[in-house]
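# Results of the structural survey
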Amino acid sequence: MSRPPPLTQYQKNELAHLEPQLRACARTANLDKAKELAAQIQGILRKSGHETRLLQAKNWLSETALEAGNLTFAKMGFEGTMAKSNSRTRINLEATALLAICYLRERNLEKAQELISKAVESIGNITSAERRKQFHRRLVQRLEEEGIVVGLADESGKPLQVDEVDAEAVRLIMSKSEAQILVEMGKAIPQESLDYLKSIRDAYSKRLPAPDQRFLPPPLTKEKKEELGRRASSALKRVAWRALCSTESEIYKAWSQGLSVVYDKKYIAAAIVASFNSVNISATMLAASAAALAVKFGAEFFCEAFAPQGLMIDRNDQS
């Protein structure tokens, strides 16, 4: 494939405006907006033959579909990127890793493991050891968080009740420190989540060259209650963040008025219950712990610190 011409100043100006907006859509799972932005970017890049940059935009669009729960759309997008890109490129690696997450969410562990192994092999194409370390840590932590959430889902479980979650959250706020709440979360992680964690780590380690083994964070085990709770908290905040932190939501507006308003109307508990019920998580202790931690952190810090982080790296931060 011939190299495309340099971007014109018009293209640079338009992309500087559109690309950050598209990438941000994954945080809010705004698939309709992402489709509009991706179409505009395609119109700017397609005629001049900048296919690689266009594929990056399509990865962002597909990631938004993944976060919005449209797994069919997301899988088609990532598969398309993999088919059209060189297997040694970062774009192909990102699509492979995110496609593995799609299959994890569908509980298709066999297919997810296959793609995890493929992604691990591709990370070896990153020449910088520091960049490989960065990507390994990002990917394995994200995969483990997805495994925790998948293992928590119980379609036969009783839906969470706002009053029960709120009452337990208040008890935790009044009687437990942050570390103690994380321990309680760790205790509440079921065996199914632990099984997913082991399967993910086994698939990851199988294809990882010995020198790169040192790049992985320590494995999560049931004995490490606080660390397990910390990672479960991170995973569950990915589920709850949009419900709590959308600037257009009732809860976010109430939060900005002070915690007394949020307490009185049980906004946090209600938002978390709704988001957890949407993915069939029915453990009251986990929902209450997430609510308690949100209150302890406060709105501004929580929404900034725990915004969902994408797996993909900025174009100017690629090896």
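Residues numbered from 1 in each chain as written. Predicted model: local features only at pLDDT ≥ 70, side-chain atom pairs only at ≥ 80, totals over all residues. Heavy atoms only, no water.

### Quick word on empty space enclosed by the protein
Taken as a whole, this structure holds two cavities of 30 Å³ or more when the rule is applied. Its boundaries defined by the atoms lining it, the second largest cavity holds a volume of some 30 Å³. Of all the elements in the fold, those that place two or more residues in the lining of the second largest cavity are helix H11 (225–245) and helix H15 (284–297). The element contributing the most residues to the lining of the second largest cavity is H11, with four residues. Tallied by class, the residues present in the lining of the second largest cavity amount to seven nonpolar, no polar and one charged. (1 Å grid on protein atoms, 1.4 Å probe; cavity = no way out; pocket = protein on both sides within 12 Å on 5 of 7 lines; lining within 4 Å. Points joined across faces, edges and corners; volume = space filled by probe spheres on them. Helix = DSSP H or I, 4+ residues; strand = E, 2+ residues; numbered from the N terminus. Nonpolar A, V, L, I, M, F, W, Y, C, P; charged D, E, K, R; others polar.)

### Things to note about the state of the cysteines
Counting across every chain of the model gives zero disulfides. Between Cys 25, a cysteine without a disulfide, and Cys 102, which holds the nearest cysteine sulfur, the sulfur-to-sulfur distance is 17 Å. On the basis of relative accessible area, Cys 25 is assigned to the buried category, the value being 2%. (Disulfide = S-S within 2.5 Å. Buried < 20%, exposed > 50% of the residue type's maximum accessible area, 1.4 Å probe, protein only.)

### Points about unusual backbone geometry
We note that Ala 29 has phi near 55°; this positive angle belongs to a residue other than glycine. By the element assignment, Ala 29 lies in the loop between helix H1 (9–28) and helix H2 (31–45). Exposure remark for Ala 29: the relative accessible area of 17% places this residue in the buried category.

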